[in-house]
Amino acid sequence: MMAGHVNGSGRKPTDDEKVASLDEARRRAAARARAKVDGRTSAGGPRGSMTTRDWVIGAVVTVMAAGMLWHWLAPLVGAKGLVR
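Model, not experiment: these values are computed from the prediction.

With that settled, the discussion passes to the overall build of the protein chain. For the protein chain, the count of helices and strands is 3 helices and 0 strands. In the protein chain, the succession of helices and strands from N to C terminus is α-α-α. Buried positions account for 1% of the 84 residues belonging to the protein chain. Within the structure as shown, the protein chain displays about 7600 Å² of accessible surface, and the carbon and sulfur contribution to it stands at 64%.

This next bit is on a nonpolar patch on the surface. A cluster of nonpolar side chains, contributed by Met68, Leu69, Trp72, Leu73 and Leu76, occupies part of the molecular surface with about 530 Å² of accessible area. Its place among the elements puts Leu76 in helix H3 (residues 52-80). Residue classification places Leu76 among the exposed residues on the basis of a relative accessible area of 55%.

Any two side chains of opposite charge can pair, on the condition that their charged atoms come close. According to the stated counting rule, one finds 2 salt bridges in the structure shown. A cluster of three or more residues bridged by salt bridges with shared partners is formed by Glu24, Arg27 and Arg28.

Before going further, it helps to examine the confidence of the model for the protein chain. For the protein chain, the average pLDDT comes to 76, and 58% of its residues sit at 70 or higher. Averaged pLDDT values over the elements of the protein chain bottom out at 55 in helix H1 (residues 3-6) and peak at 90 in H3.

The rules behind these values
Residues numbered from 1 in each chain as written. Predicted model: local features only at pLDDT ≥ 70, side-chain atom pairs only at ≥ 80, totals over all residues. Heavy atoms only, no water. Helix = DSSP H or I, 4+ residues; strand = E, 2+ residues; numbered from the N terminus. Buried < 20%, exposed > 50% of the residue type's maximum accessible area, 1.4 Å probe, protein only. Areas by Shrake-Rupley, 256 points an atom, 1.4 Å probe, with all protein chains shown as cover. Patch = residues over 30% accessible without salt bridge, like charges linked within 9 Å, V, L, I, M, F, W, Y side chains within 5 Å. Salt bridge = Lys/Arg side-chain N within 4 Å of Asp/Glu carboxyl O. pLDDT = per-residue confidence, 0-100.

Right, dumping it as structure tokens:
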């Protein structure tokens, strides 16, 4: 962020969506339509496909859930004497 935004002047994050001319609005609409046809989001990334980051986070959450279940169920198994 710029220092100008801190004191109230300067561009705000929502200023990018404002257009001053009809030609600029048409260009932006055409670019959005092309991106939608190509299957990309407005940021340019793929839509609907999982990235490596998604797989890693999913694996970590799954391992944590399995560890929690083992933490809860291990005393029950030990109480029955099935582990020994």
